[in-house]
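Inside the fold
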Amino acid sequence: MNATSEPFTPSAALARPSVADAVVGHDSAPLFIRKPNPDDGWGVYELVKSCPPLDVNSAYAYLLLATQFRDSCAVATNTEGEIVGFVSGYVKSNAPDTYFLWQVAVGEKARGTGLARRLVEAVMSRPEMAEVHHLETTITPDNQASWGLFRRLADRWQAPLNSREYFSTDQLGGEHDPENLVRIGPFQTDRI
């Protein structure tokens, strides 16, 4: 039996407008948004480590996201191919009209550029998301940057934002702030 696979393209080669889903930023410092690939797992892991207060998962988890969930994730690279942004999530199997955003990270070099919003919107604009009309995520009560991002998304998409406590501190082992479930929608994906 012959095994077939997609052609492999290294990350540095993917930092080109012809391969990227979107090019953002300034002409002098463009950022390229695209689907991740197996070569990106370690770079994503290193990025998330550099972005407290984000929870850092194993390098293996990020490699799985870059391969098994690549259609619902995105990375942003600079012209050198360095990963400066990442968003991960999935369409819920029990609610196929809902995308659950697991994590969004923007490195120091790309902060203040609107990259987090652009990463989310790049994923939501893909054909695979045509039937998605709600976005969910969890946010700790004191994470003002994340609250600001999701309020801006709700405003841009002209959709309601609702939240409620989802995981208590006790459920998270007593050493983690509670997580609120945040839900935006319904919205029209084709207007993003």
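Residues numbered from 1 in each chain as written. Predicted model: local features only at pLDDT ≥ 70, side-chain atom pairs only at ≥ 80, totals over all residues. Heavy atoms only, no water.

1. Notes on the packing of helix H4 (residues 115-124) against helix H5 (residues 144-157)
Orientation of H4 relative to H5, taken along the N-to-C sense of each, is 50°, at an axis distance of 10 Å. As judged from the angle between their axes, H4 and H5 are oblique. For the pair H4 and H5, the sense of crossing is right-handed. In contact with Ala116, Arg117, Val120, Glu121 and Met124 of H4, H5 contributes Leu149, Leu153, Arg156 and Trp157. Residue composition of the contact of H4 with H5, by class: six nonpolar, no polar and three charged. (Axes fitted to C-alpha atoms, helices over the stretch in contact; angles between N-to-C directions. Helix = DSSP H or I, 4+ residues; strand = E, 2+ residues; numbered from the N terminus. Parallel < 35°, antiparallel > 145°, perpendicular 65-115°, else oblique. Left-handed = near helix turned anticlockwise from the far one by under 90°. Contact = heavy atoms within 4.5 Å. Nonpolar A, V, L, I, M, F, W, Y, C, P; charged D, E, K, R; others polar.)

2. As for helix H2 (residues 41-49)
The periodicity of an α-helix, 3.6 residues per turn, causes residues three or four positions apart to be oriented the same way. Residues of H2 that are buried include every one of Gly41, Val44, Tyr45, Leu47 and Val48, and no others. Buried residues along H2 cover an arc of 165° about the axis, so they all sit on one side. Summarising the contacts, the buried residues of H2 are in contact with helix H3 (59-68), strand E3 (74-77), strand E4 (83-92) and strand E5 (95-106). (Buried < 20%, exposed > 50% of the residue type's maximum accessible area, 1.4 Å probe, protein only. Arc of directions from axis to C-beta.)

3. Some words on the packing of aromatic side chains
Tallying each qualifying case throughout the model produces six aromatic pairs. Judged by centre distance (4.9 Å) and plane angle (40°), the rings of Trp42 and Tyr45 are tilted. Of this pair, Trp42 and Tyr45 both sit in helix H2, three residues apart, roughly one helical turn. The exposure class assigned to Trp42 is exposed, which follows from its relative accessible area of 53%. Between Tyr45 and Tyr62 the ring centres are 6.4 Å apart and the planes differ by 50°, which places this aromatic pair in the tilted class. On the criterion of sequence distance, the pair formed by Tyr45 in helix H2 and Tyr62 in helix H3 is long-range, its members being 17 residues apart. One exposure class covers both Tyr45 and Tyr62, and it is buried. Three or more aromatic residues joined by ring pairs form one cluster here, namely Trp42, Tyr45, Tyr62 and Phe86. (Phe/Tyr/Trp six-rings, centres within 6.5 Å; stacked < 30°, edge-to-face > 60°.)

4. Things to note about the side chain of Gln103
Position of Gln103 relative to the elements: it lies in strand E5. At 2.8 Å, the side chain of Gln103 and the side chain of Tyr62 are in polar contact. Setting aside chain neighbours within four positions, we find Gln103 in contact with Val48, Leu54, Asp55, Asn57, Tyr62, Phe86, Val87 and Ser88. (Polar contact = N/O pair within 3.5 Å; in protein donor to acceptor, adjacent residues only side chain to side chain.)

5. Quick notes on a nonpolar patch on the surface
Side chains of Tyr166, Phe167 and Leu172 sit close together on the surface and give an oily, nonpolar patch of about 230 Å² of accessible area. Within the secondary structure, Phe167 sits in strand E7 (residues 161-167). Residue Phe167 is classed as partly exposed on the basis of its relative accessible area, which comes to 34%. (Patch = residues over 30% accessible without salt bridge, like charges linked within 9 Å, V, L, I, M, F, W, Y side chains within 5 Å. Areas by Shrake-Rupley, 256 points an atom, 1.4 Å probe, with all protein chains shown as cover. Salt bridge = Lys/Arg side-chain N within 4 Å of Asp/Glu carboxyl O.)

6. Some thoughts on the nonpolar core
Formed by 32 residues in total, the largest nonpolar core has its most connected members in Val87, Tyr99, Leu115, Leu135, Trp157 and Ile184. Of all the secondary structure elements, the ones that give two or more residues to this core are strand E2 (29-34), E3, E4, E5, H4, strand E6 (134-139), H5 and strand E8 (179-184). Among the elements that make up this core, the one with the highest residue count is H4 (seven residues). Setting aside anything within four residues of it in sequence, one finds Trp157 in contact with Val120, Glu121, Met124, Leu135, Ile184, Phe187 and Ile192. In this structure, Leu47, Cys51, Cys73 and Ile83 belong to the second largest nonpolar core, which totals 12 residues. (Core = buried A, V, L, I, M, F, W, Y, C linked by side-chain atoms within 4.5 Å.)

7. Considering the pattern of salt bridges
Overall, the coordinates contain nine salt bridges when judged by the stated rule. In this structure, Glu136 engages Lys92 in a salt bridge whose closest nitrogen and oxygen atoms are separated by 2.9 Å. Of this pair, Glu136 sits in strand E6 while Lys92 sits in strand E4, and the two are 44 residues apart along the sequence. Using a relative accessible area of 7% as the deciding quantity, one classes Glu136 as buried. Linking Glu121 and Arg156 is a salt bridge whose minimum nitrogen-to-oxygen distance equals 2.9 Å. Remark: Arg156 occurs in helix H5 and Glu121 occurs in helix H4; sequence separation between them is 35 residues. Residues participating in the shared-partner salt-bridge network are Lys35, Asp71 and Glu128.

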